[in-house]
Amino acid sequence: MLRLIIGVAAGYVLGTKAGRARYEQISAATRAVTGSPVTKKLVSVGRQKLSDKLSTQPKLEPMEPIDERTTVLIPHDQLRHKQLRR
(Lines give C-alpha, C1' and ligand atoms only; values in the text may rest on other atoms or scores of the structure.)
Protein backbone atom coordinates (compact mmCIF):
# COMPACT_ATOMS: atom_id res chain seq x y z
CA MET A 1 0.00 0.00 0.00
CA LEU A 2 2.83 2.36 0.91
CA ARG A 3 4.56 1.67 -2.40
CA LEU A 4 1.35 2.52 -4.26
CA ILE A 5 1.04 5.83 -2.43
CA ILE A 6 4.70 6.66 -3.08
CA GLY A 7 4.26 5.73 -6.76
CA VAL A 8 1.17 7.90 -7.12
CA ALA A 9 2.88 10.82 -5.38
CA ALA A 10 6.01 10.45 -7.55
CA GLY A 11 3.89 10.25 -10.70
CA TYR A 12 1.97 13.33 -9.71
CA VAL A 13 5.13 15.26 -8.84
CA LEU A 14 6.89 14.26 -12.05
CA GLY A 15 3.86 14.69 -14.28
CA THR A 16 2.33 17.82 -12.86
CA LYS A 17 2.44 21.15 -14.55
CA ALA A 18 2.02 22.99 -11.26
CA GLY A 19 5.74 23.61 -11.16
CA ARG A 20 8.41 23.82 -8.55
CA ALA A 21 6.22 25.44 -5.87
CA ARG A 22 3.84 22.47 -5.79
CA TYR A 23 6.79 20.06 -5.78
CA GLU A 24 8.28 21.86 -2.76
CA GLN A 25 4.93 21.81 -0.99
CA ILE A 26 4.52 18.05 -1.50
CA SER A 27 8.13 17.44 -0.57
CA ALA A 28 7.83 19.43 2.67
CA ALA A 29 4.61 17.63 3.63
CA THR A 30 6.24 14.26 2.99
CA ARG A 31 9.26 15.15 5.12
CA ALA A 32 6.97 16.42 7.91
CA VAL A 33 4.93 13.21 7.94
CA THR A 34 7.87 10.80 7.72
CA GLY A 35 9.90 12.74 10.29
CA SER A 36 7.08 13.00 12.80
CA PRO A 37 7.61 11.17 16.11
CA VAL A 38 3.99 9.97 15.93
CA THR A 39 4.57 8.38 12.52
CA LYS A 40 7.80 6.78 13.71
CA LYS A 41 6.01 5.36 16.77
CA LEU A 42 3.15 3.98 14.64
CA VAL A 43 5.60 2.33 12.26
CA SER A 44 7.54 0.85 15.18
CA VAL A 45 4.40 -0.52 16.84
CA GLY A 46 3.17 -1.93 13.53
CA ARG A 47 6.49 -3.66 12.87
CA GLN A 48 6.52 -5.14 16.37
CA LYS A 49 2.97 -6.50 15.99
CA LEU A 50 3.84 -7.99 12.61
CA SER A 51 7.01 -9.50 14.04
CA ASP A 52 5.05 -11.04 16.92
CA LYS A 53 2.51 -12.55 14.50
CA LEU A 54 5.20 -13.98 12.22
CA SER A 55 7.46 -15.21 15.00
CA THR A 56 8.28 -18.91 14.92
CA GLN A 57 9.28 -18.91 18.58
CA PRO A 58 6.56 -20.37 20.84
CA LYS A 59 5.04 -18.00 23.35
CA LEU A 60 5.65 -19.30 26.85
CA GLU A 61 3.21 -19.25 29.76
CA PRO A 62 4.34 -19.51 33.38
CA MET A 63 3.06 -22.56 35.23
CA GLU A 64 3.02 -23.19 38.97
CA PRO A 65 6.38 -22.32 40.55
CA ILE A 66 8.46 -25.23 41.82
CA ASP A 67 9.91 -23.05 44.54
CA GLU A 68 10.42 -19.32 45.17
CA ARG A 69 13.22 -19.04 42.62
CA THR A 70 12.09 -21.48 39.89
CA THR A 71 9.17 -21.11 37.49
CA VAL A 72 8.30 -23.62 34.79
CA LEU A 73 7.36 -22.23 31.37
CA ILE A 74 5.33 -24.11 28.78
CA PRO A 75 4.50 -23.15 25.15
CA HIS A 76 0.95 -21.88 24.45
CA ASP A 77 0.09 -24.75 22.12
CA GLN A 78 0.99 -27.38 24.72
CA LEU A 79 -0.88 -25.46 27.39
CA ARG A 80 -4.07 -25.55 25.31
CA HIS A 81 -3.75 -29.29 24.73
CA LYS A 82 -3.17 -29.88 28.44
CA GLN A 83 -6.26 -27.86 29.39
CA LEU A 84 -8.42 -29.73 26.86
CA ARG A 85 -7.37 -33.10 28.28
CA ARG A 86 -8.54 -32.21 31.81
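On a predicted model such as this, the values are computed, not experimentally measured, just so you know. (Residues numbered from 1 in each chain as written. Predicted model: local features only at pLDDT ≥ 70, side-chain atom pairs only at ≥ 80, totals over all residues. Heavy atoms only, no water.)

Draft legend 1. Fine view of the overall build of the protein chain. Per the secondary structure count, the protein chain includes 4 helices and 2 strands. Counting from the amino terminus, helix and strand elements in the protein chain follow one another as α-α-α-β-β-α. Evaluated residue by residue, the protein chain yields a buried proportion of 7% over its 86 residues. Of the contacts made within the protein chain by residues no fewer than 6 positions apart, 0% connect residues no fewer than 24 positions apart. Accessible surface, the protein chain as shown: approximately 8,100 Å² in total, 59% of it carbon and sulfur. (Helix = DSSP H or I, 4+ residues; strand = E, 2+ residues; numbered from the N terminus. Buried < 20%, exposed > 50% of the residue type's maximum accessible area, 1.4 Å probe, protein only. Contact = heavy atoms within 4.5 Å. Areas by Shrake-Rupley, 256 points an atom, 1.4 Å probe, with all protein chains shown as cover.)

Draft legend 2. Local environment of the confidence of the model for the protein chain. On average, residues of the protein chain score 76 in pLDDT, and 70% of them are at 70 or above. Between the elements of the protein chain, mean pLDDT differs from a low of 54, seen in helix α4 (residues 76-85), to a high of 89, seen in helix α3 (residues 37-54). (pLDDT = per-residue confidence, 0-100.)

Draft legend 3. Fine view of α3. Along its 18 residues, α3 runs 26 Å from first to last C-alpha, staying within 8% of the 26 Å computed at 1.5 Å per residue. Little of α3 is tucked away, with 0 of its 18 residues classed as buried. (Expected span 1.5 Å × (residues − 1).)

Draft legend 4. Representation of a nonpolar patch on the surface in the model. The grouping of Met1, Leu4, Ile5 and Val8 at the surface amounts to a nonpolar patch, some 470 Å² of accessible area in total. One can find Val8 in helix α1 (residues 2-15). (Patch = residues over 30% accessible without salt bridge, like charges linked within 9 Å, V, L, I, M, F, W, Y side chains within 5 Å. Salt bridge = Lys/Arg side-chain N within 4 Å of Asp/Glu carboxyl O.)

Draft legend 5. Broad picture of the layout of surface pockets. Counted as a void, the largest pocket has a volume near 350 Å³. Taken together, 13 residues make up the lining of the largest pocket; nearest its centre are Leu2, Ile5, Ile6, Thr30 and Thr34. Tallying contributions element by element places α1 first for the lining of the largest pocket, with 6 residues. Here the residues of the lining of the largest pocket sort into 10 nonpolar, 3 polar and no charged. (1 Å grid on protein atoms, 1.4 Å probe; cavity = no way out; pocket = protein on both sides within 12 Å on 5 of 7 lines; lining within 4 Å. Points joined across faces, edges and corners; volume = space filled by probe spheres on them. Nonpolar A, V, L, I, M, F, W, Y, C, P; charged D, E, K, R; others polar.)

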